[in-house]
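An overview of the molecular structure
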Amino acid sequence: MSQKTGIDKTVEPFSDSTELTPERIVQSKVRATLPWETPEEFRTVPGHAGQLRVPDPIGWTADNDVEAVAVWLAEKASASTHTANAYRKEAERFVFWLGDQGLTLSDARREHYLLYARFLRNPQPTEQWCSGIRVKRSDPRWRPFEGPLSPGTARQSLTVLKSLISYLHTKGWLAVN
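Fair warning: this is a prediction, and the values are worked out from it, not measured in the lab.

So, on to the packing of aromatic side chains. Under the definition given, this model contains 13 aromatic pairs. Note on W60 and Y167: the rings are 6.4 Å apart at their centroids and 85° apart in plane angle, and the pair reads as edge-to-face. Taken together, the residues span a long stretch of sequence, with W60 in the loop between strand 4 (44–46) and helix 1 (65–76) and Y167 in helix 5 (residues 151–170) at a distance of 107 residues. Relative accessible area serves as the criterion here: at 15%, W60 is assigned to the buried category. Plain terms: the ring middles of F94 and Y113 are 5.2 Å apart, the flat faces sit at 25° to each other, and that makes the pair stacked. One end of the pair, F94, is in helix 2 (residues 81–100); the other, Y113, is in helix 3 (residues 110–121), with 19 residues separating them in the sequence. In textbook terms, an aromatic cluster arises when at least three aromatic residues are bridged by ring pairs, as seen for F94, W97, Y113, Y116, F119, W129 and F145. Taking the ring centre of W142 as reference, the NZ or CZ of R137 above it sits at 4.8 Å.

With that settled, the discussion passes to unusual backbone geometry. Look at the link from Q124 to P125: it is a cis peptide, with omega at -5°. Along the chain, the position of P125 falls in the loop between helix 3 and helix 4 (126–129). A positive phi angle, near 50°, is found at D56, a position not held by glycine. Mapped onto the elements, D56 comes out in the loop between strand 4 and helix 1.

The next point concerns empty space enclosed by the protein. Within the structure shown, the criterion is met by two cavities of 30 Å³ or more. Reported here for the second largest cavity is a volume of approximately 40 Å³. Looking at the second largest cavity, the residues that line it are V45, P46, D65, V66, V95, G99, L103, T104 and L105. Those elements that provide at least two residues to the lining of the second largest cavity are strand 4, helix 1 and helix 2.

Another aspect to go through is the nonpolar core. Formed by 35 residues in total, the largest nonpolar core has its most connected members in W72, F94, L105, Y116, F145, L164 and L168. The biggest single contributor to this core is helix 5, with seven residues. Every residue in contact with W72, bar those within four places of it in the chain, is listed here: A77, Y87, A91, V160, S163, L164 and Y167.

Before going further, it helps to spend a moment on the pattern of salt bridges. Evaluation of the coordinates by the stated rule reveals four salt bridges. As a salt-bridge pair, E92 and R137 come within 2.8 Å of each other at their nearest N and O atoms. With E92 in helix 2 and R137 in the loop between helix 4 and helix 5, the pair connects residues that are 45 residues apart, well separated along the chain. As a salt-bridge pair, E146 and R134 come within 3.1 Å of each other at their nearest N and O atoms. With E146 in the loop between helix 4 and helix 5 and R134 in the loop between helix 4 and helix 5, the pair connects residues that are 12 residues apart, well separated along the chain. With a relative accessible area of 72%, R134 lands in the exposed category.

About the thresholds
Residues numbered from 1 in each chain as written. Predicted model: local features only at pLDDT ≥ 70, side-chain atom pairs only at ≥ 80, totals over all residues. Heavy atoms only, no water. Phe/Tyr/Trp six-rings, centres within 6.5 Å; stacked < 30°, edge-to-face > 60°. Helix = DSSP H or I, 4+ residues; strand = E, 2+ residues; numbered from the N terminus. Buried < 20%, exposed > 50% of the residue type's maximum accessible area, 1.4 Å probe, protein only. Lys NZ or Arg CZ within 6 Å of the ring centre and 35° of its normal. 1 Å grid on protein atoms, 1.4 Å probe; cavity = no way out; pocket = protein on both sides within 12 Å on 5 of 7 lines; lining within 4 Å. Points joined across faces, edges and corners; volume = space filled by probe spheres on them. Core = buried A, V, L, I, M, F, W, Y, C linked by side-chain atoms within 4.5 Å. Contact = heavy atoms within 4.5 Å. Salt bridge = Lys/Arg side-chain N within 4 Å of Asp/Glu carboxyl O.

Below is the structure:
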């Protein structure tokens, strides 16, 4: 849900050549609830199947991209609590950012990853994305970021997302990597 407008957003179908503009964003009632502890204002994100999602993915019981991310987290990070927390943080930041754009993971194209990489270095608007201090997730001041990420931390975030997208592609959830 957009913090500025308070409305749910999603993107209507478009082709690879369609430019993403604010005018292309429309209201949607399809929402997904994140399967992990998340403050209320970040709890739901668009839940529609994006154009890059495989129709009727074989071997999946997930109903949406958020549930598919939860499967990845369970499989990739099960050996270490530290890894699980780090992967969850990076995945949810990206899911939140996509949701704020009215997109799901299966909507995301290469251009979105480039925009997100830039966003990591300067998350705006600051009051929506940054807490400025480390606070517990249960604190109403919690935000996905404390502040802008350093170049090395931003690279690590993108490495985690590359692992996520690769997993979803090789396991048949996404049509392309």
